[in-house]
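In case you want the letters, here they are:
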Amino acid sequence: MSVSEAEVDLSADEQRGLELIKETGGIHQSDFWKELDISSRKGSRIAESLVEAELINREQTVYNGHNTYYLEPTAKDLDFRLLMAGDLLSPFIGEEEVDPQSDSFSQWLMNLAYEE
């Protein structure tokens, strides 16, 4: 994953927070500061800073009966290349049951093998 210009200017705590959000794919702010072992006030400041840098999205929600925010990485930070084999999108996308014997899966897998 590439490091954006905004990420270069982050403090150590902000970098830790951003990594946590990226690793989890999204986390409630009430759990965020606990995971980082910091105060809720500091966790809120870090989240606000990451939102201002457009590195995460912050959406108000209710979690365990309390108002909080859900923090998730911005779409630009997601790496969709892992779903591709050549110009073919993974046949697992949008399917509840995938047939490993299907032609689309075999073709996708072959394209993936020949990329390397």
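### Observations concerning the packing of helix H3 (residues 29-36) against helix H4 (residues 40-52)
Thought 1: Their axes nearest at 9 Å, the elements H3 and H4 cross at an angle of 110 degrees. Classified by the angle between their axes, H3 and H4 sit roughly perpendicular to one another. The segment H3 lies against H4, with Gln29, Phe32 and Trp33 engaging Ser40, Gly43, Ser44, Ile46 and Ala47.
Thought 2: For the contact of H3 with H4, the residue count by class is four nonpolar, four polar and no charged.

### What about the pattern of salt bridges?
Thought 1: Within this structure, the stated rule accounts for three salt bridges.
Thought 2: We note a salt bridge from arginine 16 to aspartate 13, for which the minimum N-O separation is 3.2 Å. Residue arginine 16 and its partner aspartate 13 are located together in helix H2 (residues 12-24), separated by three residues, close to a single helical turn.
Thought 3: On the accessibility criterion, arginine 16 (41% relative accessible area) is partly exposed.
Thought 4: Its salt-bridge partner being aspartate 13, residue lysine 42 comes within 2.5 Å of it at the nearest N-O pair.

### Quick notes on H4
Thought 1: Between the first and last C-alpha of H4 there are 18 Å, a value that for 13 residues agrees with the 18 Å anticipated at 1.5 Å per step.
Thought 2: The complete set of buried residues in H4 reads Gly43, Ser44, Ile46, Ala47 and Leu50. The buried residues of H4 occupy an angular sector of 160 degrees when projected down its axis, which confines them to one face. Set apart from the buried face of H4 by more than 90 degrees, the exposed residues are Arg41, Arg45 and Glu52.
Thought 3: Buried residues belonging to H4 abut H2, H3, strand S2 (56-63) and strand S3 (66-73).
Thought 4: Of the residues trailing H4, glutamate 54 is marked for its positive phi of about 60 degrees.

### Some remarks on the packing of aromatic side chains
Aromatic rings considered in pairs are described by the distance between their centres and by the relative angle of their planes.
Thought 1: Applying the stated criterion across every chain yields a total of zero aromatic pairs.
Thought 2: The ring of tyrosine 69 has arginine 58 lying over it, and the distance from NZ or CZ to the ring centre is 3.8 Å.

### Re unusual backbone geometry
Thought 1: The phi angle at aspartate 37 is positive, at roughly 60 degrees, despite the residue not being glycine.
Thought 2: Note on aspartate 37: relative accessible area 71%, which makes it exposed.
Thought 3: At asparagine 64, a position not held by glycine, the phi torsion is positive, near 55 degrees.
Thought 4: If you trace the backbone, asparagine 64 turns up in the loop between S2 and S3.

### A closer look at the sheet that holds S2
Thought 1: With antiparallel pairing, the three strands of this open sheet are ordered in space as S1-S3-S2. Every interior strand has two partners, whereas the edge strands, strand S1 (27-28) and S2, have only one.
Thought 2: Pairing geometry for S2 and S3, over eight bridges, is antiparallel. Considered in S3, the bridge of threonine 61 is made with threonine 68.
Thought 3: Sheet strands in contact with H2 are S1, S2 and S3, and its direction is about 85 degrees off that of S3.
Thought 4: Running over the sheet, H4 touches S2 and S3 and is turned about 135 degrees from S2.

Calculation rules
Think of each chain on its own: its residues are numbered from 1, step by step along the sequence as written. A pLDDT threshold of at least 70 governs which residues receive local features in this predicted model, and a stricter bar of 80 or more applies before side-chain atom pairs are shown or counted, although totals over entire chains, interfaces and linings include all residues. Only hydrogens and water are set aside; all other atoms, that is, all heavy atoms of the structure, feed into the side-chain values. In this analysis an axis means a line fitted to C-alpha atoms, helices contributing only their contacting stretch, and an angle means the value between N-to-C directions, from 0 to 180 degrees. Secondary structure elements follow DSSP: runs of H or I of four or more residues count as helices, runs of E of two or more count as strands, with numbering from the N terminus. Should an angle fall under 35 degrees it is called roughly parallel, over 145 degrees roughly antiparallel, and 65 to 115 degrees roughly perpendicular, with every other angle called oblique. Contact definition: two residues touch when any of their heavy atoms are within 4.5 Å. Basically, the charged four are Asp, Glu, Lys and Arg, the nonpolar ten are Ala, Val, Leu, Ile, Met, Phe, Trp, Tyr, Cys and Pro, and anything else, Gly included, counts as polar. The salt bridge criterion pairs a side-chain nitrogen of Lys or Arg with a carboxyl oxygen of Asp or Glu, the two atoms within 4 Å. The buried label goes to any residue with under 20% of its type's maximum accessible area, the exposed label to any with over 50%, and the partly exposed label to all in between, with areas taken from a 1.4 Å probe on protein chains only. Here, expected helix span is obtained from the residue count minus one, scaled by 1.5 Å. Taking the helix axis as origin, the arc is that swept by the directions to the C-beta atoms. Within 6.5 Å between ring centres, the rings of Phe, Tyr and Trp (the latter by its six-membered ring) count as paired, and their orientation is classed by plane angle as stacked under 30 degrees, edge-to-face over 60, tilted in between. Geometrically, a charge over a ring is one whose NZ (Lys) or CZ (Arg) sits within 6 Å of the ring centre while staying within 35 degrees of the ring normal. The pairing criterion for strands is at least two bridges between them, as found by DSSP.

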